[in-house]
Amino acid sequence: MAEQELEKETVIDEDFLIRSLENNEFDVFRDEYFNLHPYDRAQFYFRLEPELRIKIYEYLSPEEMGEIIENIEADDEDYEPLFAEMNAQYAADTLSNMYTDDAVDVLNELNKDQASSYLTIMDQESAKEIKNLLHYEEYTAGSIMTTEFISIPEHSTVRSAMAILRNKAPDAETIYYTFVINEDRKLVGVVSLRDLITSEEDRLIKEIMSDRVVSVSVSEDQENVARMMKDYDFLALPVVDFQQHLLGIITVDDIIDVLDEEASDDYSKLAGVSDMDSRDRTPLRAARKRLPWLIALLFLGMLTANLIGSFEDTLEQVAILAVFIPLIAGMAGNTGTQALAVAVRSIATGDINDESKTKLILREAGTGLITGTICGILVVGIVYVWYGSFFLGLLVGFSIFASLIVATLAGSLVPLIMHKFNIDPAVASGPFITTINDIISILIYFGIATTFMSYLT
């Protein structure tokens, strides 16, 4: 929901609520339960054991349950068992009483047979609105918009607009913006609640509205919509079709969910995990999601090991070189991951174009040069003091210098190239770029060592 009354924070006495449920104390439970904030009600419900949740369905109306489902923080796979616990008609009525966009989010996570069953038995008007939204492709503006908004004709007076507002406000997601349409239902303007309250009642809406209204296409990617709402500080954004017909609105609460979802998705990929946001309740589920990345990285790791093996003759002659392999590979991996994080964030926030790409690459190259120089000089001194060999220190220091420059460039270039080919740049995950930089740094290190072997023996 876009708007929710501010309520005094209350302490949840879960034991008391559970006891009242177990003792079938209907009135006692309701009195205590509805003293809680809607979010706290939802979290209490979600944490209950199934046998106690079944009692909740007896105590709450579908409308009250709809508000709980709207506030719940559950994983995608959790909705199916929750609705399976309910009587089918009760579940359908619950969905009917939810805001349309929230009901669509839930139905998208249920299996098709379960969703179709609820749509068949719920009231026709709600089912029609939900089906209209279900047709839109996932992760687009159409899939997250709501049809519960207020629109007024441009030739209305302020008086008639206020009457419409009072009549439709209880069912609308937000009333702060009222969108203005012409006789063809095309979006022509927007008027704020403040403008309506402060204007003369006989003035026409057309005279007080702003015709410079920002809207998004129904097929726009949700990430771009979120960026637009952040840039313009909107509370709601109208969604239109290619002919500018007003189809729905996207409210700020939905955008917060999108931002959280996108951030979790990017962070998961950077960490090499398929779904970081998931509450994996069993080791088996967690392992199943992590194994694909780990197996891919295992083969890359074997390539690294094979690469080191190809320099076996070099290592036999100068065994001390093996001591510095973790240092050089680790430094390259770390600096590559830092550059990767900067590049992915720039792409995700939309702060990237042809000019800024060049600036980003040059900046990261400069950063790699500075960090590589400082770290290289430090290592030369440390190795010389430690082992008494200036040339060994020079070899290791120069290897770190070269590796840090190459790793920084790789960390910034790889996501930019992937973005160029419309591949999610977050796929260039931390573990992946680290392993690639391991290979590069080892090639540099042993390549230099092999070339100047005569100075080491």
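Details of the structure are given in the entry above.
Summary of the structure given here.

So, how was this worked out
- Residues numbered from 1 in each chain as written.
- Predicted model: local features only at pLDDT ≥ 70, side-chain atom pairs only at ≥ 80, totals over all residues.
- Heavy atoms only, no water.
- Helix = DSSP H or I, 4+ residues; strand = E, 2+ residues; numbered from the N terminus.
- Buried < 20%, exposed > 50% of the residue type's maximum accessible area, 1.4 Å probe, protein only.
- Contact = heavy atoms within 4.5 Å.
- Areas by Shrake-Rupley, 256 points an atom, 1.4 Å probe, with all protein chains shown as cover.
- 1 Å grid on protein atoms, 1.4 Å probe; cavity = no way out; pocket = protein on both sides within 12 Å on 5 of 7 lines; lining within 4 Å.
- Points joined across faces, edges and corners; volume = space filled by probe spheres on them.
- Nonpolar A, V, L, I, M, F, W, Y, C, P; charged D, E, K, R; others polar.
- Pairing = 2+ DSSP bridges.
- Axes fitted to C-alpha atoms, helices over the stretch in contact; angles between N-to-C directions.
- Left-handed = near helix turned anticlockwise from the far one by under 90°.
- Patch = residues over 30% accessible without salt bridge, like charges linked within 9 Å, V, L, I, M, F, W, Y side chains within 5 Å.
- Salt bridge = Lys/Arg side-chain N within 4 Å of Asp/Glu carboxyl O.
- Lys, Arg positive; Asp, Glu negative; His and termini not counted.
- Charge placed at Lys NZ, Arg CZ, Asp CG, Glu CD.

1. Section: the overall build of the chain
Within the chain, the secondary structure is distributed over 22 helices and six strands. Buried residues in the chain amount to 44% of all 457 residues. Within the chain, residue pairs in contact and separated by at least 24 positions form 70% of the contacts whose partners lie at least 6 positions apart. Just so you have it, the chain exposes about 23900 Å², and 56% of that area is on carbon and sulfur atoms.

2. What to know about the layout of surface pockets
Taken as a whole, the second largest pocket encloses approximately 570 Å³ of empty space. Secondary structure elements with two or more residues in the lining of the second largest pocket: α5 (62-71), α7 (88-96) and α10 (124-134). The leading source of residues in the lining of the second largest pocket is α5, at five residues. Along the lines of polarity and charge, the residues of the lining of the second largest pocket split into seven nonpolar, seven polar and nine charged.

3. What about the sheet that holds strand β6 (residues 246-251)?
What the three strands build is an open sheet, ordered β4-β5-β6; its pairing is mixed. The two strands at the open ends of the sheet, each matched to only one other strand, are β4 (216-217) and β6. As paired elements, β4 and strand β5 (residues 236-240) share two bridges and run parallel to each other. Opposite Ser217, over in β5, you have Val240 as the bridge partner. Of the strands in this sheet, β4, β5 and β6 are in contact with helix α15 (residues 222-232), which crosses β5 at around 135 degrees.

4. Considerations on the packing of α5 against α7
Where α5 contacts α7, the two axes come as close as 8 Å, and the packing angle between them is 65 degrees. As α5 runs across α7, the sense of the crossing is right-handed. Residues Pro62, Met65, Gly66 and Ile69 of α5 lie in contact with α7, whose contacting residues are Tyr90, Asp93 and Thr94. Among the residues forming the contact of α5 with α7, the class breakdown is four nonpolar, two polar and one charged.

5. Description of the sheet that holds strand β2 (residues 177-181)
If you walk across this open sheet you meet the three strands as β1-β2-β3, and the pairing is mixed. Here the strands that pair on one side only, and so sit at the sheet edges, are β1 (151-153) and β3 (187-192). Neighbour-to-neighbour, the strand axes of the sheet open up by a mean angle of 35 degrees, direction not taken into account.

6. Considerations on the environment of Val240
Within the secondary structure, Val240 sits in strand β5. In this structure, the C-alpha to C-alpha distance between Val240 and Gly142, residues 98 residues apart in sequence, is 9.0 Å. Those residues in contact with Val240 that lie beyond four places of it in its chain are Leu187, Ser215, Val216, Ser217, Val218, His245, Leu246 and Leu247.

7. A few points about unusual backbone geometry
One non-glycine residue, Arg185, lies in the positive phi region at around 65 degrees. A positive phi angle, near 55 degrees, is found at Asp233, a position not held by glycine. Within the secondary structure layout, Asp233 lies in the loop between α15 and β5.

8. Brief notes about a negative patch on the surface
On the surface, Glu73, Asp105, Glu137, Glu138, Asp257, Asp260 and Glu261 cluster together into a negatively charged patch. Assignment of secondary structure puts Glu138 in the loop between α10 and α11 (141-144).

9. Points about the pattern of salt bridges
One pass over the full model with this rule turns up nine salt bridges. Close ionic contact of Arg159 with Glu201 constitutes a salt bridge, the shortest N to O distance being 3.3 Å. A residue pair is termed long-range when its members are at least 10 positions apart, and Arg159 in helix α12 (residues 158-168) and Glu201 in the loop between α13 (193-198) and α14 (205-208) qualify at 42 residues. On the basis of relative accessible area, Arg159 is assigned to the partly exposed category, the value being 42%. On the basis of relative accessibility, which here comes to 46%, the residue Glu201 falls in the partly exposed class. For Asp231, the salt bridge is made with Lys230, and the minimal N-O distance between the two is 3.5 Å.

10. Digging into the pairing of β3
Along a regular strand, successive side chains alternate from one face of the sheet to the other. Two elements, β2 and β3, share five bridges in a ladder whose sense is antiparallel. The residue of β3 that forms the bridge with Tyr177 is Ser192. Counting the residues that bridge the hairpin from β2 to β3 gives five residues, and of these Arg185 lies at a positive phi of roughly 65 degrees.

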